[in-house]
Amino acid sequence: MSTNKLRVLVVTCSGRPGALGPAVSRWLTGAVAARAGELGVDLVPVSLGELDLPFLDEEEHPSSGVYRHEHTRRWSAVVDAADGFIAVTPEYNYGMPATLKNALDYLSAEWAWKPIGFVSYGNTSAGTRSVQHAKQVVTTLRLVPLGATVAIRIGDAVEDGELRPDAARDAAAGGLLSELARVANALRPMRERARPESLPGPVPGSYARALTPEDAAEVAVLQRCCWVEEALVNGTLDIPALHESVEDVRTWLAEWRTTGLWLDGRLLGMVRGRRAADDWDIGRLAVAPDQRGKGLGRWLLRTAEAAADPDCERHILFTGAKSRKNIDFYAGQGYRPAPIPIPEGAVGLAKPRTPLPV
């Protein structure tokens, strides 16, 4: 499971002046604040009334991703950045408010493979018919509605425009957020694999994407798994990858162009690259020990080579001087010994960069 924090939108759906929705949202964010901290969840309030979306006015179908209006592009960016949603919704005439339906209809891919929970409020049914109506729509958008909900009967719960204290309701809200976090983490690989910047990986179901400082914890674990063998073969523990803290990894992830290979939420391998004068410097090529022998290393190396700046003249890298398997592997990929700056006890390798066909 990823250790990245989850971004959850708390969406106040009613735009009616004087509506109860803002008070319900205030209660919700307060009730689950401690649990959100434990789960690594950032709660982001969004009011559809303040969003000021007109009725759907885009010419192209939302699935095209072609947005002509600035209000659509803003809404798209907000939803795309989220990992999940909690809709705070009233019930209007046995259904959800038009503001929620309209906001859903504006977009398509931005919603996919993200969980949505509901906190409803109303009179006779406590807003539950609004939730049932909404669930028919959100599943079409590949949102995943949660089983956990919170339903608030206005007559029992509201006094002077605010919600009365209720420990059982607070506990239900915490349960909803806990379920949302579990589902959001489980769906993360599907969200990432569907993104246009992700590449299909060499193993069925795997995908590659750029690693960011938020991936530092997973990278630190992978490094420790992969460089123990290097330490044993070369008779030294003086290998940076074995000692870097998560903060150290976070720092270099911000400086290098790093690709990670993922499968079902697990980081299988990685490689990084950056320019060094007229060379493309490749490093930290790593494949999880139980995934070796499947061609992942070759695939990652080719991916790193392909990322080189067009005017770089050669690819360079280094490995332990006694790491015979690594040296043979790189030799098979066209690398030869070269006088490049290297740490003590390592060997430098290089190969000419082959320009991509025009």
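Residues numbered from 1 in each chain as written. Predicted model: local features only at pLDDT ≥ 70, side-chain atom pairs only at ≥ 80, totals over all residues. Heavy atoms only, no water.

Caption draft 1: Focus on the packing of helix H8 (residues 216–234) against helix H10 (residues 246–253). Between H8 and H10, the least distance of the axes is 9 Å, while the angle of their chain directions is 110°. Compared by their axis directions, H8 and H10 come out roughly perpendicular. Packed against H8, whose contacting residues are Ala216, Ala217, Val219, Ala220 and Gln223, the element H10 presents Val246, Val249, Arg250, Trp252 and Leu253 at the interface. Each residue belonging to the contact of H8 with H10 can be placed in one class, and the counts come to eight nonpolar, one polar and one charged. (Axes fitted to C-alpha atoms, helices over the stretch in contact; angles between N-to-C directions. Helix = DSSP H or I, 4+ residues; strand = E, 2+ residues; numbered from the N terminus. Parallel < 35°, antiparallel > 145°, perpendicular 65-115°, else oblique. Contact = heavy atoms within 4.5 Å. Nonpolar A, V, L, I, M, F, W, Y, C, P; charged D, E, K, R; others polar.)

Caption draft 2: Structural view of the sheet that holds strand S4 (residues 115–122). Spatially, the five strands line up as an open sheet ordered S2-S1-S3-S4-S5, and their pairing is parallel. The open sheet has two free edges, formed respectively by strand S2 (41–47) and strand S5 (144–153), since each of these has just one partner strand. Pairs of neighbouring strands in the sheet enclose a mean axial angle of 20°, with direction left out of account. Pairing of strand S1 (residues 6–12) with strand S3 (residues 84–90), which is carried by five bridges, proceeds in the parallel orientation. When the sheet's bridge partners are listed, Val10 is paired in S3 with Ile86. Strand contacts of helix H1 (residues 21–39): S1, S2, S3, S4 and S5, with the helix running at about 165° to S1, the strand carrying the most contacts. (Pairing = 2+ DSSP bridges.)

Caption draft 3: Summary view of the sheet that holds strand S13 (residues 314–320). With mixed pairing, eight strands are arranged side by side in an open sheet as S8-S9-S10-S11-S12-S13-S15-S14. If you trace the sheet from one side to the other, it starts and ends with strand S8 (199–200) and strand S14 (336–337), each paired once. Where strand S10 (residues 257–263) and strand S11 (residues 266–276) come together, seven bridges link them in antiparallel fashion. The residue bridging Trp262 from the neighbouring strand is Leu267, located in S11. Together, S10, S11, strand S12 (279–287) and S13 form the strand contacts of H8, whose direction differs from that of S11 by roughly 80°.

Caption draft 4: Structural detail: the packing of aromatic side chains. The full count for this structure, using the stated rule, is four aromatic pairs. Seen in terms of ring centroids, Trp75 and Trp111 are 6.0 Å apart; in terms of plane orientation they differ by 70°. Their pairing is edge-to-face. With a gap of 36 residues between them, Trp75 in helix H3 (residues 70–80) and Trp111 in the loop between helix H4 (98–105) and S4 connect regions that are remote in the sequence. With relative accessibility at 2%, the residue Trp75 sits in the buried group. Ring geometry for Tyr330 against Tyr335: centres 5.9 Å apart, planes inclined by 70°, an arrangement best described as edge-to-face. The residues Tyr330 and Tyr335 share a single accessibility class, namely buried. (Phe/Tyr/Trp six-rings, centres within 6.5 Å; stacked < 30°, edge-to-face > 60°. Buried < 20%, exposed > 50% of the residue type's maximum accessible area, 1.4 Å probe, protein only.)

Caption draft 5: Molecular detail of the confidence of the model for the chain. Looking at the chain, pLDDT values average 94 and 98% of them are 70 or higher. Within the chain, the element-level pLDDT minimum falls on strand S6 (residues 158–159), averaging 90, and the maximum on S3, averaging 98. (pLDDT = per-residue confidence, 0-100.)

Caption draft 6: Here's a closer look at the environment of Ala350. Take Ala350: it is sitting in strand S15 (residues 346–352). By relative accessible area, Ala350 is classed as buried at 9%. For Ala350 and Phe318, which are 32 residues apart along the polypeptide, the C-alpha to C-alpha distance reads 8.5 Å. In this structure, Ala350 is in contact with Arg314, His315, Ile316, Gly334, Tyr335, Arg336 and Ala338, ignoring residues within four places of it in sequence.

Caption draft 7: Quick peek at the packing of H1 against helix H7 (residues 167–194). Two numbers describe how H1 lies on H7: the axes approach to 9 Å, and their chain directions differ by 45°. Taken together, H1 and H7 sit at an angle that is classed as oblique. Handedness of the H1/H7 crossing: right-handed. Residues Trp27, Leu28, Ala31, Val32, Arg35, Ala36 and Leu39 of H1 pack against Arg169, Asp170, Ala173, Gly174, Leu177, Ser178 and Ala181 of H7. Taken together, the residues that form the contact of H1 with H7 break down as nine nonpolar, two polar and three charged. (Left-handed = near helix turned anticlockwise from the far one by under 90°.)

Caption draft 8: Representation of the environment of Pro196 within the structure. Within the secondary structure, Pro196 is located in the loop between H7 and S8. For Pro196, a relative accessible area of 78% puts it in the exposed group. A sequence separation of 18 residues divides Pro196 from Ser178, and the C-alpha atoms of the two residues are 29 Å apart.

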